[in-house]
Amino acid sequence: MKQAVHIGGPASAGPDLQELLGRVARGDQEAFAQVYDMVCGPVLGLVRSVLRDPAQSEEVTQEVLLEVWRSAPRFQASRGSGMTWVLTLAHRRAVDRVRSAQASSDREHRAALLDRTPAFDEVTEQVESRLEREQVRRCIRTLTELQRQSVTLAYYQGLAYREVAELLSVPLGTVKTRLRDGLIRLRDCLGVNA
């Protein structure tokens, strides 16, 4: 007759993990101490293989064992062994920690990139604005007198086309034509692509 060989010493005559988890589900602290002793090593090994950081591995192992205590009533022996259930909890918690650390690192990286964006250069903005104004003034001088009057009243003084027509005593259609022609000449002078 062949005997079963158990790695790590002789088989213990005590209750198996499934039975202990059932007792833990009912709040048995002594049963939890036995579960802790049975699963602590494998959980730490699994977590450490995922996280690689010893301190974080120990922290996550404690979180997993606390979760075992809290969620023991959810363990169903019909769905798998107790060790598989505990190691699944451990693996999920370790992967969550890796994802959380990666998300935190990504946020810090994005924040660092934002800090490196050049500051607003007020002097450059003022110079560019002044140059653009000068170019617009130069181009407005190329318009005919009638076009210049219409563009100035409509776009610099904010009058409606009808108000420009009344102020200049010309028909509305004439004002629209002057504005259209004037804006085309300004566009060409400023080098704007339509």
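All values derive from a computational prediction rather than experimental measurement. (Residues numbered from 1 in each chain as written. Predicted model: local features only at pLDDT ≥ 70, side-chain atom pairs only at ≥ 80, totals over all residues. Heavy atoms only, no water.)

Side note on helix H3 (residues 54-71)
In this model H3 runs 25 Å from its N-terminal to its C-terminal C-alpha over 18 residues, within 8% of the 26 Å that 1.5 Å per residue would give. Listing the buried residues of H3 in full gives Ser57, Val60, Thr61, Val64, Leu65, Glu67, Val68 and Ser71. For H3, the arc enclosing every buried residue in end-on projection is 155°, short of the 170-degree limit, so these residues lie on one face. Across from the buried face of H3, at angles greater than 90 degrees, the exposed residues are Ala55 and Arg70. Summarising the contacts, the buried residues of H3 are in contact with helix H1 (17-25), helix H2 (29-51) and helix H4 (82-115). (Helix = DSSP H or I, 4+ residues; strand = E, 2+ residues; numbered from the N terminus. Expected span 1.5 Å × (residues − 1). Buried < 20%, exposed > 50% of the residue type's maximum accessible area, 1.4 Å probe, protein only. Arc of directions from axis to C-beta. Contact = heavy atoms within 4.5 Å.)

Focus on the state of the cysteines
Throughout the structure, instances matching the rule amount to 1 disulfide. Disulfide pairing places cysteine 139 opposite cysteine 189 at an S-S distance of 2.0 Å. The disulfide joining cysteine 139 to cysteine 189 has a torsion of about -80° about its S-S bond and is therefore left-handed. Taken together, the positions of cysteine 139 in helix H5 (residues 122-140) and cysteine 189 in helix H8 (residues 172-190) put the pair 50 residues apart, joining distant regions of the chain. Under the relative-accessibility criterion, cysteine 189 is labelled partly exposed at 25%. (Disulfide = S-S within 2.5 Å.)

Details of the pattern of salt bridges
Under the definition given, this model contains 9 salt bridges. A salt bridge links arginine 93 to glutamate 63; the nearest nitrogen and oxygen atoms lie 3.2 Å apart. Taken together, the positions of arginine 93 in helix H4 and glutamate 63 in helix H3 put the pair 30 residues apart, joining distant regions of the chain. Arginine 148 serves as the salt-bridge partner of glutamate 145, at 2.9 Å between the closest nitrogen and oxygen. Of this pair, glutamate 145 and arginine 148 are both found in helix H6 (residues 145-156), 3 residues apart, which corresponds to roughly one turn of the helix. For glutamate 145, a relative accessible area of 45% corresponds to the partly exposed category. Several salt bridges share partner residues, and in doing so they unite Glu59, Glu63, Glu67, Arg93 and Arg97 into one network. (Salt bridge = Lys/Arg side-chain N within 4 Å of Asp/Glu carboxyl O.)

Notes on the packing of H3 against H4
Packed helix pairs are characterised by how far apart their axes lie and by the angle those axes make with each other. Where H3 contacts H4, the two axes come as close as 9 Å, and the packing angle between them is 135°. In terms of their interaxial angle, H3 and H4 are classed as oblique. Note on packing geometry: the crossing formed by H3 with H4 is right-handed. Facing Gln56, Glu59, Val60, Glu63, Val64, Glu67, Val68 and Ser71 of H3, the residues of H4 in contact are Trp85, Val86, Leu89, Ala90, Arg93, Ala94 and Arg97. Partitioning the contact of H3 with H4 into residue classes produces 8 nonpolar, 2 polar and 5 charged. (Axes fitted to C-alpha atoms, helices over the stretch in contact; angles between N-to-C directions. Parallel < 35°, antiparallel > 145°, perpendicular 65-115°, else oblique. Left-handed = near helix turned anticlockwise from the far one by under 90°. Nonpolar A, V, L, I, M, F, W, Y, C, P; charged D, E, K, R; others polar.)

Considering the packing of H2 against H4
For the pair H2 and H4, interaxial distance at closest approach is 9 Å and the crossing angle is 30°. Looking at the two axes, H2 sits roughly parallel to H4. Seen along the crossing, H2 lies across H4 with a hand that is right-handed. Of H4, the residues touching H2 (which contributes Met38, Val39, Pro42, Val43, Leu46, Val47, Val50 and Leu51) are Met83, Val86, Leu87, Ala90, His91, Ala94, Val95, Arg97 and Val98.

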